[in-house]
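# Descriptive analysis of the structure
Now for the letters of each chain:
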Amino acid sequence: MESGVAHIGIAILQIILIDIVLSGDNAVVIGLACRRLPERQRKLGILWGMGGAIALRVVLIFFAVALLAVPYLKVVGGALLMWIGVKLLRPEDEGDSNIEAGDTLWDAVKTIIIADLVMSLDNVVAIAAAARDSQLLVIFGLIVSVPIIMLGSQLVMKLMDRFPIVVTGGGALLGWLAGGMVVSDIAIGDWAEQAFPASHWLAPVVGACIVVVVGKWLSARDEAAREGRMEDVTQDGTQDETKAPDSRKGGHG
C-alpha cells in the first residue's frame, strides 16, 4: 500500500516538473503570438490559445506514441516550428493597424494552435510515460498545465513589453526546440548520432541560430522596404505642395 502511494506521489511530482519545463514553451509561443494584440484582446488570445493547447493534448495523448513512430514527422514538425519562430521575429507592419481586431486575434490563435500541435507531442508522451497508463494521472497532468500556460504567457508578454530582446530569445527557443526535434526523428536519429556524435546539442544551437539570423535579416529587409515607402509618400506630398501654388497662379491669369 505504502509502495503504491509512493509511486503515485513520484509520478505526480514528475508530471508537475514535466509541465513546468515543457508547458513553458507553449507559454512562450502564446506570449509571442499575442504581443501585437490590443491589451483588451490579449486575455482572449491567451484563453483561446490555452484552450487550443489543452484540447490538442487531450487528442494527442491517445495517439502520441504511434505518431512519434511515423518516420520524418518530427523533421516536418521541426521545419514548421522554425518557420513559426522566424515569422514571430518579424516586425509588425504599420498596415496591420487597419486590420479588424477579430482578424488579428484569429491570426494569433491560428499561430498558437499550429505551434502547439508541433510542440505538444513531446509533452503528452512525457506525461503518458510518467502517468504509467493511469488515465487519472494523465488528466491531472493536463489540468496542472493550464495555470502554468496562462500565468507563463502573461509573464512572457509583460517581459516582452519591457525588454524587446525577450522576443529574440523566444524565437531562438523555438529554433532550439526545432533543431532538437529534427535529430530525434526515428528515421534519422541513429544516423545523425553516428555521423555527428554531438548532434543532440549541436542541432538545437544551429536551429536557434537559423531562426534568429533569418528572422533578423527579414526584419531588416522589411524595415528598409517600409522606409522606402515612407520616402516615396513624402516625395509625393512635397511634389503636390509644389504644384498647388502653380495651379493657383494659373487660375488668376
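Residues numbered from 1 in each chain as written. Predicted model: local features only at pLDDT ≥ 70, side-chain atom pairs only at ≥ 80, totals over all residues. Heavy atoms only, no water.

Attention now moves to the environment of valine 144. Summarising the element assignment, valine 144 is placed in helix H6 (residues 135-162). Considering only alpha carbons, one finds valine 144 and isoleucine 16, 128 residues apart in sequence, at a separation of 6.9 Å. (Helix = DSSP H or I, 4+ residues; strand = E, 2+ residues; numbered from the N terminus.)

Here the focus is the nonpolar core. In terms of nonpolar packing, the biggest core is built from 33 residues, with Ile30, Leu32, Cys34, Leu88, Ile149, Met160 and Leu174 touching the most fellow members. Secondary-structure elements contributing two or more residues to this core are helix H1 (2-34), helix H2 (39-60), helix H4 (73-89), helix H5 (101-131), H6, helix H7 (165-183) and helix H9 (199-252). (Core = buried A, V, L, I, M, F, W, Y, C linked by side-chain atoms within 4.5 Å. Buried < 20%, exposed > 50% of the residue type's maximum accessible area, 1.4 Å probe, protein only.)

This part is about a nonpolar patch on the surface. Residues Trp176, Trp201, Leu202, Val205, Val206, Ile210 and Val214 make up a contiguous nonpolar surface patch of roughly 580 Å² in combined accessible area. Position of valine 205 among the secondary structure elements: in helix H9. Given a relative accessible area of 31%, valine 205 falls into the partly exposed group. (Patch = residues over 30% accessible without salt bridge, like charges linked within 9 Å, V, L, I, M, F, W, Y side chains within 5 Å. Areas by Shrake-Rupley, 256 points an atom, 1.4 Å probe, with all protein chains shown as cover. Salt bridge = Lys/Arg side-chain N within 4 Å of Asp/Glu carboxyl O.)

As a further point, take H2. For H2, which comprises 22 residues, the first-to-last C-alpha distance of 32 Å matches the rise-based estimate of 32 Å (1.5 Å per residue) to within 8%. Buried within H2 we find Gln41, Arg42, Gly45, Ile46, Gly49, Met50, Gly52, Ala53, Ile54, Leu56, Arg57 and Leu60. (Expected span 1.5 Å × (residues − 1).)

A separate point is the packing of H4 against H7. Packing of H4 against H7 leaves a shortest axis separation of 8 Å and a crossing angle of 170°. For the element pair H4 / H7, the angle class is roughly antiparallel. Along the contact surface, H4 presents Lys74, Val75, Gly77, Gly78, Leu81, Met82, Ile84, Gly85, Leu88 and Leu89, while H7 presents Val167, Thr168, Gly171, Leu174, Gly175, Leu177, Ala178, Gly179, Met181 and Val182. Of the residues in the contact of H4 with H7, the class split is 12 nonpolar, 7 polar and 1 charged. (Axes fitted to C-alpha atoms, helices over the stretch in contact; angles between N-to-C directions. Parallel < 35°, antiparallel > 145°, perpendicular 65-115°, else oblique. Contact = heavy atoms within 4.5 Å. Nonpolar A, V, L, I, M, F, W, Y, C, P; charged D, E, K, R; others polar.)

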